Amino acid sequence: MKTYTAKPGEITRDWYVVDAEGQTLGRLATQIADTLRGKGKPQYTPHVDTGDFVVVVNAEKITVTGQKLDQKRYYRHSGYPGGISATNFRDMQAKHPGRALEKAVKGMLPKGPLGYAMIKKLKVYGGAEHPHTAQQPKPLEIAA
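Since we're looking at a predicted model, the values are computed, not measured. (Residues numbered from 1 in each chain as written. Predicted model: local features only at pLDDT ≥ 70, side-chain atom pairs only at ≥ 80, totals over all residues. Heavy atoms only, no water.)

Caption draft 1: Just the side chain of Asp52, in detail. Tracing the backbone shows Asp52 in the loop between α1 (25-37) and β2 (53-57). Polar contacts involving the side chain of Asp52 include one to the main-chain amide nitrogen of Asp14, which spans 3.0 Å. At 2.9 Å, the side chain of Asp52 forms a polar contact with the side chain of Lys41. Setting aside its immediate chain neighbours within four residues, Asp52 contacts Thr12, Arg13, Asp14, Tyr16, Thr35, Leu36, Lys41 and Lys121. (Helix = DSSP H or I, 4+ residues; strand = E, 2+ residues; numbered from the N terminus. Polar contact = N/O pair within 3.5 Å; in protein donor to acceptor, adjacent residues only side chain to side chain. Contact = heavy atoms within 4.5 Å.)

Caption draft 2: Seen up close, the nonpolar core. The biggest cluster of nonpolar side chains holds 27 residues, and the ones touching the most others in it are Leu25, Leu28, Ile32, Val56, Leu101, Val105 and Leu122. At the level of secondary structure, the elements contributing two or more residues to this core comprise β1 (15-19), α1, β2, α3 (89-95), α4 (99-108) and β5 (122-124). By residue number, the principal contributor to this core is α1, which donates six residues. For Leu122, the contacting residues outside a window of four places in its chain are Ile32, Leu36, Val54, Val56, Glu102 and Val105. In this structure, Trp15, Val17, Val55 and Val57 belong to the second largest nonpolar core, which totals five residues. (Core = buried A, V, L, I, M, F, W, Y, C linked by side-chain atoms within 4.5 Å. Buried < 20%, exposed > 50% of the residue type's maximum accessible area, 1.4 Å probe, protein only.)

Caption draft 3: Representation of the packing of α1 against α4 within the structure. Here α1 crosses α4 at 55 degrees, and the two axes come no closer than 9 Å. Classed by the angle they form, the pair α1 and α4 counts as oblique. Considering only the axes of α1 and α4, their crossing is right-handed. Within the contact between the two elements, α1 uses Leu25, Gly26, Leu28, Ala29, Thr30, Ile32, Ala33 and Leu36 and α4 uses Ala100, Leu101, Ala104, Val105 and Met108. Considered class by class, the residues forming the contact of α1 with α4 number eleven nonpolar, two polar and no charged. (Axes fitted to C-alpha atoms, helices over the stretch in contact; angles between N-to-C directions. Parallel < 35°, antiparallel > 145°, perpendicular 65-115°, else oblique. Left-handed = near helix turned anticlockwise from the far one by under 90°. Nonpolar A, V, L, I, M, F, W, Y, C, P; charged D, E, K, R; others polar.)

Caption draft 4: Main features of the packing of aromatic side chains. Here the structure, examined in full by the defined rule, presents one aromatic pair. Arranged with centres 4.3 Å apart and planes meeting at 5 degrees, the rings of Trp15 and Phe53 form a pair that is stacked. One end of the pair, Trp15, is in strand β1; the other, Phe53, is in strand β2, and 38 residues separate them in sequence. An identical accessibility class is assigned to Trp15 and Phe53; each is buried. (Phe/Tyr/Trp six-rings, centres within 6.5 Å; stacked < 30°, edge-to-face > 60°.)

Caption draft 5: Region of interest: unusual backbone geometry. You will see that Asn58, though not glycine, has its phi angle at about 60 degrees, which is positive. Position of Asn58 relative to the elements: it lies in the loop between β2 and α2 (68-71). Of the residues examined, Asn58 reaches a relative accessible area of 8% and is grouped as buried.

Caption draft 6: α1, seen in detail. Between the first and last C-alpha of α1 there are 18 Å, a value that for 13 residues agrees with the 18 Å anticipated at 1.5 Å per step. The set of residues buried in α1 consists of Leu25, Leu28, Ala29, Ile32, Ala33, Thr35, Leu36 and Arg37. One or two residues past the end of α1 sits Gly38, with phi positive at roughly 90 degrees. (Expected span 1.5 Å × (residues − 1).)

Dropping the structure here:
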């Protein structure tokens, strides 16, 4: 019996939509990362992108537990000496709703070309509307 390995040409990709309203950031991000990676499919192969597309709506209504609203920090660096800047979760959600979710999911995917291809299949929107209705996305069941 031979081990099955998925080829890039024989992968079918579905579209899923997730309503993020009231969902916890990390718990939602793990479910999305698994779907983007294709872990729930029987054809899953670690070195091939077998995942599906995920559309997230209402990303501005994601919640965090405890004091993370003010204490969770996101850092970036300009490249110059002393050029580090930090933003907390509350300000990040106010300025760029959904970017915190994108960063959380990106950190859960593989690094390198495979992970870059996977993160491109994530579409995050702050409001309830999205432009992907033509793909007829199915609702993704998120475990509560």
